[in-house]
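Residues per chain are reported as follows:
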Amino acid sequence: MNAIAQSYLQTLERHRAAFATVEQYQAQAMQWLDQVQLCFAQGGKVVWMGNGGSAADAQHLAAEFMVRYKQERAPLASMALTTDTSILTAHSNDYEFSTVFERQVQGIVKPQDVVVGLTTSGNSANINLGLQAANAIGAYTVALTGRDGGKVASIAKLPIIVRNDETARIQEVHMFLGHWLCEALDLVYATPTPQ
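Residues numbered from 1 in each chain as written. Predicted model: local features only at pLDDT ≥ 70, side-chain atom pairs only at ≥ 80, totals over all residues. Heavy atoms only, no water.

Colleague: Explanation requested: the pattern of salt bridges in the structure shown.
Modeller: Close approach of charged atoms allows side chains of opposite charge to pair. Applying the stated rule across the entire model yields 7 salt bridges. Here Asp 186 makes a salt bridge to Arg 73, at a shortest N to O gap of 3.0 Å. Of this pair, Asp 186 sits in helix H7 (residues 167-189) while Arg 73 is found in the loop between helix H3 (53-66) and strand S2 (78-80), placing the two residues 113 residues apart along the sequence. As far as burial versus exposure is concerned, Asp 186 and Arg 73 are alike and both buried. Among the ionic pairs, Glu 166 bridges to Arg 169, the shortest N-O distance being 2.8 Å. (Salt bridge = Lys/Arg side-chain N within 4 Å of Asp/Glu carboxyl O. Helix = DSSP H or I, 4+ residues; strand = E, 2+ residues; numbered from the N terminus. Buried < 20%, exposed > 50% of the residue type's maximum accessible area, 1.4 Å probe, protein only.)

Written out as structure tokens, the structure reads:
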């Protein structure tokens, strides 16, 4: 039990170390916010994609946009490409998994959209191909990634690289950034309170 209790404190310390670096991403986060506001002003949407835990994070953030975060506001057009099991399984069966997001991007993304790929390694082939397809359409691409940025660092127009080697800590910072974006959008789009 001592080893388990120690593990808790060690995990907390690694979390704190990861978050000690978060302030350095503020300028990139503000740039992301600007692009999302421009996207909505032009009638666009925010499209998310990820694998595994990052797929869950993509869905989570798309839901925060469409439903609400904390403040009452109109829905913000957003969707995750990770939720339709018929598309995911049909494409993976008929083609290959590496192009499962690329195909969806080609079908639904418009130039005024923002496309966000979450990949802790930066080397997920399906994320990278999806972002390349979005670039070809003229959409604005964002990568939430980690470690050294991987291949996605040279693909996304805005790569936000969490300089950490532990997947869980990278994902925790990604969710902080995503939740901050939701909070900022609440401030921009909140429904005025009647006087």
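Next, the rest of the story.
Colleague: Explain the pairing of strand S5 (residues 158-162) to me, please; I cannot follow it from the model alone.
Modeller: Taken across its 5 residues, S5 has 5 buried, putting it largely inside the fold. The side-chain alternation of S5 yields two buried faces, one formed by Leu 158, Ile 160 and Val 162 and the other by Pro 159 and Ile 161. Bridge count for strand S4 (residues 140-146) against S5 is 5 bridges, and the pairing is parallel. Among the inter-strand pairings, Gly 146 is bridged to a residue of S5, identified as Val 162. (Pairing = 2+ DSSP bridges.)

Colleague: Whenever I open this one, H3 confuses me. Can you help?
Modeller: Residue pairs three or four apart in sequence face the same way in an α-helix, which turns once every 3.6 residues. Compared with the 20 Å implied by 1.5 Å per residue over 14 residues, the 20 Å span of H3 between its first and last C-alpha is a close match. Against the buried residues of H3 lie helix H2 (26-41), strand S1 (46-50), S2, strand S3 (114-119) and H7. (Expected span 1.5 Å × (residues − 1). Contact = heavy atoms within 4.5 Å.)

Colleague: Help me out: how do you make sense of the sheet that holds S2 in this one?
Modeller: Paired through their backbone hydrogen bonds, the strands of a sheet run either parallel or antiparallel. The parallel open sheet is built from 5 strands, whose spatial order is S2-S1-S3-S4-S5. Pairing within the sheet leaves two strands with one partner each, and these edge strands are S2 and S5. Averaged over all pairs of adjacent strands, the angle between their axes in this sheet comes to 15 degrees, without regard to strand direction. Sheet analysis places S3 next to S4, joined by 6 bridges and oriented parallel. Considered in S4, the bridge of Leu 118 is made with Leu 144. Where H3 meets the sheet, it contacts S1, S2 and S3, and its direction lies at approximately 160 degrees from that of S1. (Axes fitted to C-alpha atoms, helices over the stretch in contact; angles between N-to-C directions.)

These results come straight from atomic positions and should not be treated as a statement about function.
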